[in-house]
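Topology and contacts: notes
So you can see what is in the structure, the chains are spelled out below.
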Amino acid sequence: MKIGKIFRNEYPVGLIVDIHDYCNASCKMCPYKSLHRELNKGEMDWTLYTKIVDDFSNLINRYQFKGVMTYCNMGEPFIKENLFEYTSYAGKKGVSVYLNTNASLMTPSKIDLLLNSGFRGSFNISFHGATEKIYRDIMGLNQHKTLKNIEYLTTNYDKEKISINALNYFWPSGEGEKLYNLFKDLGVNIGFNKPISRGGLISTYRKSSRYKIAGCGPERVLYQMVISHNGDVLLCCNDMARKVIVGNLMDQNIQQAWNGPIFRDCLEKIYRGKHSSKNFICKLCEESVPYLSARRIIKLLLPEAMLKYIRNRRKNDWAPSRALK
């Protein structure tokens, strides 16, 4: 598919599948707490899940790419006692899986079930405070129990496939250094990031609506598909409020939704300046590219071949690279 100078493959290389949309944490930088009462929540039917995996597997075999899947844009995957059945099915179909988790429910018994079922993917663990008080205040979880789970994982699994994602939510001085030292002792890599508004949902980080945009900074819409528990396909992982639904995999396949008119219309709004309302989610997102920006001008000057090369490299690194090995 071509959108102006933008080339997008006829298929996504990454899927985020909400096998359910429940979470046991109450992270202050996440809109889940305010959204979970408003949205229709539930668990994905197994038949729908296998349909999605089978469809993705067929695309992987047809186009010969490394397809990656993770779970629960909206929730915590380890709420599922039988999570290993989901990862095992995907693995047998040639789909690489990595797990985004807060690790509080990632108990040794669940880790054993995963590993014994053949799981060889990566773990990306959210851990937002070094001191117990700050951790509990930000995430609403028991730090001691979570650390025990992480320690068990690091003892029984390849540490190169484990990473920590830490969001600096108004930390006091020195908190980041404490976190770094905590996981350095465990031999696990840690990455520090800043919270974002999730498309304008978090007022603390919300910026004024952009008058006009010229693209998506991370360009997730060019390689990543987000699927709710009921099969709805969302524009982006930041759209936790499900404002923009571009298809539904109950009655479509992945390519039909990916290349459909609703998705194309959104891409025209994002990349080509097609008229959109001031409340269009990408105009509220600080990760969008402002129309009057150096980035836009540079992109205009680059030849199509160079843009395609850059995007191909980026989309292949969507998940932690270790998950693709």
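Our subject is the structure listed above.
Residues numbered from 1 in each chain as written. Predicted model: local features only at pLDDT ≥ 70, side-chain atom pairs only at ≥ 80, totals over all residues. Heavy atoms only, no water.

1. Digging into empty space enclosed by the protein
Within the structure shown, the criterion is met by four cavities of 30 Å³ or more. Around the largest cavity, the lining comprises 15 residues; the ones closest to its centre are C216, C236, N238, C282 and C285. Secondary structure elements with two or more residues in the lining of the largest cavity: β9 (213-216) and α10 (281-284). It is β9 that provides the largest number of residues to the lining of the largest cavity, a total of three residues. (1 Å grid on protein atoms, 1.4 Å probe; cavity = no way out; pocket = protein on both sides within 12 Å on 5 of 7 lines; lining within 4 Å. Points joined across faces, edges and corners; volume = space filled by probe spheres on them. Helix = DSSP H or I, 4+ residues; strand = E, 2+ residues; numbered from the N terminus.)

2. Some words on the environment of L284
Summarising the element assignment, L284 is placed in helix α10. Judged by its relative accessible area of 13%, L284 is buried. Linking L284 and R210, residues 74 residues apart in sequence, is a C-alpha distance of 6.6 Å. (Buried < 20%, exposed > 50% of the residue type's maximum accessible area, 1.4 Å probe, protein only.)

3. Examining the pairing of strand β3 (residues 14-17)
By the alternation rule, side chains of β3 split into G14 and I16 and L15 and V17, which are all buried. In the sheet, β3 pairs with strand β4 (residues 68-71) via four bridges, with the strands oriented parallel. Bridge pairing in β4 links I16 to T70. (Pairing = 2+ DSSP bridges.)

4. Some words on the nonpolar core
Of all hydrophobic cores here, the largest spans 90 residues; its most connected members are V17, Y49, M69, Y71, F123 and L235. Broken down by element, this core gets its largest block of residues, seven residues, from helix α2 (residues 46-63). Those residues in contact with L235 that sit more than four places away from it in its chain are V221, V244, V246, F263, C266, I270, F280, I281 and C282. Y32, L39, M74 and M240 belong to the second-largest nonpolar core, a separate cluster that totals six residues. (Core = buried A, V, L, I, M, F, W, Y, C linked by side-chain atoms within 4.5 Å. Contact = heavy atoms within 4.5 Å.)

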